[in-house]
Amino acid sequence: MIALSNKFTERRSSKKQNHSLRMIMGAEGFGTKSAISKTYANMGLEQYDRGDKGNPKILSILASVLERTVQKNEKAMKGSKERGVVTVFHGTRAPVLTVRQYIERIFKYSNFSPSCFVVAYVYLEKFLNLTDCLLTSLNVHRLLITSIVLAVKFVDDDCYNNAYYAKVGGITTAELNKLEMKFLKALDFRLHVSVESFDKYCLKLEKESNSKLQIDRPIRIFAWGKGMINKDIVSNCSPTVGGYTCRAF
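Predicted, not measured: the structure shown is a model, and the values here were computed from it.

Thresholds applied
- Residues numbered from 1 in each chain as written.
- Predicted model: local features only at pLDDT ≥ 70, side-chain atom pairs only at ≥ 80, totals over all residues.
- Heavy atoms only, no water.
- Helix = DSSP H or I, 4+ residues; strand = E, 2+ residues; numbered from the N terminus.
- Polar contact = N/O pair within 3.5 Å; in protein donor to acceptor, adjacent residues only side chain to side chain.
- Buried < 20%, exposed > 50% of the residue type's maximum accessible area, 1.4 Å probe, protein only.
- Contact = heavy atoms within 4.5 Å.
- Axes fitted to C-alpha atoms, helices over the stretch in contact; angles between N-to-C directions.
- Left-handed = near helix turned anticlockwise from the far one by under 90°.
- Nonpolar A, V, L, I, M, F, W, Y, C, P; charged D, E, K, R; others polar.
- pLDDT = per-residue confidence, 0-100.

By the element assignment, serine 137 lies in the loop between helix H7 (116-131) and helix H8 (140-155). Reaching out from serine 137, the side chain makes a polar contact with the side chain of glutamate 74 at a distance of 2.6 Å.

Quick look at the structure:
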């Protein structure tokens, strides 16, 4: 696992605050005391049992919001000379997996709480605002895996190492380490998310997911270029994900 800066010790100092956030993920009683407990329930953030049928709704909600954002940005860029800031998160080739398929894959092979997706979205928005980077089909996959990994590490008590998450995300461990550090530096290592902020983003995601805006085409995750795929991709995972093999992206 990547060695982080001393600033990352913020996690330890925020332990009590993180505990209150972890309660959102299913601790008995917390959801019923929250003003938006219904939203938590609708998104599948309360006491999610992996034995339940289907994925928690937050996965499809987040995928829908991100796809709309990508479509909006790429449509605006078509008629403009402005191409946005190019970062290490950008790829160069056409997409293969949809955003939803990628998110579902990450959830399927990673043992973490559904609410980590909300925290990851908070991180992602902060990163985009601080860097003036536009979310497109060429960078959404790397930004997703990086923000989700950081959310899991900061919020959950248990997590896998970067080598495992890199395999799940279809990239090398070295690349994930590099992306993680770039992301952390952009956020100045400030990863704490208050319960109030968490609630605000839950409501925002819920509102945006209820929008009647239609998506013209599915936004797909960019296809890995030559030399970018991890050859040892998730040896312990199921061989197929949504019709794709583990090595397909």
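Another aspect to go through is helix H9 (residues 162-169). The buried count for H9 comes to 6 of 8 residues, which makes it a mostly enclosed element. Looking at H9, one finds that the buried residues are Asn162, Tyr164, Tyr165, Ala166, Val168 and Gly169. Residues of H9 that are buried in the fold lie against helix H6 (99-108), H8 and helix H10 (173-186). Where H9 terminates, the next one or two residues include glycine 170, which has phi positive at roughly 80°.

It is worth spelling out the environment of leucine 187 at this point. Looking at where leucine 187 falls in the secondary structure, it is placed in the loop between H10 and helix H11 (195-209). Classification of leucine 187 by relative accessible area gives buried; the value is 4%. For the pair formed by leucine 187 and phenylalanine 127, sequence separation is 60 residues and the distance between their alpha carbons is 6.3 Å. Those residues in contact with leucine 187 that lie beyond four places of it in its chain are Tyr123, Lys126, Phe127 and Leu130.

This part takes up the packing of H8 against H9. Two elements in contact, H8 and H9, have axes separated by 11 Å at closest approach and are oriented at 145°. Between H8 and H9 lies a crossing whose hand is right-handed. For the pair H8 and H9, the contacting residues are Ile145, Val149, Val152 and Lys153 in the first and Asn162, Tyr165 and Gly169 in the second. In the contact of H8 with H9, the residues fall into 4 nonpolar, 2 polar and 1 charged.

Moving on, we come to the confidence of the model for the protein. Mean pLDDT for the protein: 75, with 66% of residues reaching 70 or above. Mean pLDDT across the secondary structure elements of the protein bottoms out at strand E4 (residues 244-245), with 28, and peaks at H10, with 97. Contacts from residues 1-33, a stretch scored under 50 in pLDDT, to residues over four places away or in other chains number 72 contacts. Confidence drops under a pLDDT of 50 for residues 212-249, and excluding neighbours within four residues, the segment shows 106 contacts in the predicted structure.

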